[in-house]
Structure formats: C-alpha cells, structure tokens
Amino acid sequence: MIKTISYLGLGTMGSGMASNLLKAGYELMVWNRTAEKCEPFARKGARVADTPADAVHDVDLVMYILSNDKAVEEVVFGAKGILSGIKEGQIAIDMSTVLPATSLREQEAYAKHGVDFLDAPVFGSKSESAKAKLWIMAAGNKAIFEKVRPVLGHLGQTVHYFGKNGNAAAMKLVGNLIVALELEALAEGLVLAQKAGLDLDTVMEVVKVADFRSPLLVSNGRNILKRDFSPSFVLKLMLKDADLIKNFGNSLQSPIPALRVVEKNLAAAVALGFGTENASALIKALEKEAGVEVKAGRVNE
C-alpha cells in the first residue's frame, strides 16, 4: 500500500494535485524550482526537499508534472535529478504533457534502476485540479497501474488505462489537438458573429444547447464575452503543445492540416503579448485582423 508520496512541480496543476494528496492523508514530500511555492505545503505538514534527488528519498511513489520536455530532461535526468536519488522498488509517474518518445526514454532509464514507471497526463485545468475532477490517462505495467489507481482516484473523476508506456502521452496530444481546434473554432465563430452584428449573449445560448455544444466551448465563450482571460491554461503552453502535436503527427506521417492555422494564430497572439493569458486569448489575434473586439451585447439592431 502506498503511504508516502513525493510531488515535484507545484505550478497551476501540480499545486492542486499535491493539495488533494495531503487532504487524502498521504505523507507528502514536495519540491519546486521556485522554492517559495513549497511554503504553503510545509505549513500543512509536507516535507520540503532541496533538490529532485532529495525529494525521492524514502517515498513509495514519485509523481511530477512539469512544463515541457526540457524541464523533464533537467528534473529527471539532470545533475541532482530524480534518477540520481531514486531506488529500486519505487514507482515514478510523469503527469506532464510531453512527447511519447520522452515517456519511453524515461521508462527505459527507470527500468535500469529497478523502478516502475507510468506516463499519466491529465485533461482539465486549474479548477479541475483543485477540485480533484481531472480526467487522468495512464500507461505502463498493468499491475503497477492497479497499485497506484487509488492514488490517482484522489486526483481525478475518471482514470483510463491505455496499455504500454507512451500511449497515455500520445492520447494527451490527441486530446490537446481537439482542444486547440475547438478553441480556434470558437474564436473564429465569435469574431464572425460580432462582425455580422449578432447578439453574442444569444449566440452563446445556442452554443450551450446545440448539437455542437461542449463544456469547453461554453466556459471559454462565456469568459471571452466578459473579457476574462485569467489563466487556467496559459496561451504560451498551448503554443508549446501545438509544436509537440506537430512533431508527433509528422513522426507518424499523420495529416493535421488544421493545426497549422491554430498554431499561426497562437503564435500571433503570443507575439501581441498575450502569452500568459488563458489559451482562449488566441481570439485576440483574430480580433486584431478583423478590427473588432468580441464582447457581450448587441452590435446592430
């Protein structure tokens, strides 16, 4: 039974998951590149490590969510990284959004240390992480998955097993492709509706009930109309994910032509200075091109 857990990476997503592990009663060790983010967890009883290597000592399970493949390279493989401190018999779970090839490289390295590894990225954002309502995918040894499933159950509303290592990382990129295309469709549609003089509150009433509805469209559309771009998933990370998806698709010779359009608009919005806003701020690049600002209310009577 897993009793002690190390959690590395206390950003928007990791902080919510680490908090829920504490609430569930696990003994927790935390580490973050910016040490100040560890302080709230220390006040709640968590131990704080100075390095990733220190963080993995004397725990049953090591979990981490990092910003990109480069961060995984540094935290896992780097000097004083996880691999320099982890021991045979421990379990490691990478919840980051990375290329499947990165997950497979991790699995191979951990295996040389006698450590079992799962890739287990998540769908959801800040709110779902804080409320333990994430949708979690996992891939790797089935017996190890079953062993850690109760832990994952404290973090998400559903947990899905995808078989061999790398498959969950692949599913995350598939899902993020769909998310990116949905946000692009929403942005294009709202700009077009604004230019057409439609009442955008009524537009969103239709979006909420029509057969193309989705929670993502509804929540982001509502916030766009309020001009609320406070980040739950920042724009520059979606641009990073678009590059991962492009590389993954190219490696499989799988066509993803629509992604090129989304990537162009994401890059344009980042260049305009909106990279730290919510991913829905990609609409601002389209607004600039169209010469409008999408907001609630009727334009033409």
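Above this text is the structure in question.
The structure reproduced in this document is the subject of the present report.

## Considerations on the overall build of the protein chain
Of the regular secondary structure elements, the protein chain holds 13 helices and 9 strands. Over its C-alpha atoms the protein chain spans a radius of gyration of 20 Å, differing by no more than 12% from the 19 Å that the globule rule assigns to 301 residues. Taking the principal axes of the C-alpha coordinates as reference, the protein chain spans close to 70 × 45 × 35 Å. In the protein chain, buried positions account for 51% of the 301 residues. Summarising the internal contacts of the protein chain: among those between residues at least 6 apart in sequence, 68% fall at separations of at least 24. Surface accessibility of the protein chain: about 14,100 Å² in total, with carbon and sulfur atoms responsible for 54%. Side-chain charges in the protein chain split into 35 positive and 34 negative, and the spacing between the mean points of these groups amounts to 2 Å.

## Considerations on helix 8 (residues 167-195)
In a regular helix each residue adds 1.5 Å, so 29 residues correspond to 42 Å; helix 8 covers 42 Å between its end C-alpha atoms and thus fits that length. Just downstream of helix 8 lies Gly197, where phi reads positive at about 80 degrees.

## Side note on the nonpolar core
Judged by nonpolar contacts, the single largest core of 37 residues is most densely connected at Leu190, Ile224, Leu266, Ile283 and Val294. For this core, the elements supplying multiple residues, two or more each, are helix 8, helix 9 (200-209), helix 10 (215-225), helix 11 (235-251), helix 12 (257-274) and helix 13 (283-290). The biggest single contributor to this core is helix 8, with 10 residues. Contact partners of Val294, with chain neighbours within four places excluded, come to Leu190, Val191, Gln194, Leu200, Ile224, Leu225, Arg227, Ile283 and Glu287. Formed by 34 residues, the second largest nonpolar core is a distinct cluster that contains Met17, Ala18, Leu22 and Tyr26.

## Topic: the sheet that holds strand 5 (residues 91-94)
Spatial ordering of the open sheet is given by 3-2-1-4-5-6, a layout of 6 strands whose pairing is parallel. In the strand order of this sheet, the two ends are held by strand 3 (47-48) and strand 6 (116-119), each with one partner. Here 4 bridges tie strand 4 (residues 61-64) to strand 5, and the two strands are oriented parallel to one another. Of the residues in strand 5, the one forming a bridge with Val62 is Ala92.

Reading the values: rules and limits
- Residues numbered from 1 in each chain as written.
- Predicted model: local features only at pLDDT ≥ 70, side-chain atom pairs only at ≥ 80, totals over all residues.
- Heavy atoms only, no water.
- Helix = DSSP H or I, 4+ residues; strand = E, 2+ residues; numbered from the N terminus.
- Rg over C-alpha atoms; globule rule 2.2 N^0.38 Å.
- Buried < 20%, exposed > 50% of the residue type's maximum accessible area, 1.4 Å probe, protein only.
- Contact = heavy atoms within 4.5 Å.
- Areas by Shrake-Rupley, 256 points an atom, 1.4 Å probe, with all protein chains shown as cover.
- Lys, Arg positive; Asp, Glu negative; His and termini not counted.
- Charge placed at Lys NZ, Arg CZ, Asp CG, Glu CD.
- Expected span 1.5 Å × (residues − 1).
- Core = buried A, V, L, I, M, F, W, Y, C linked by side-chain atoms within 4.5 Å.
- Pairing = 2+ DSSP bridges.

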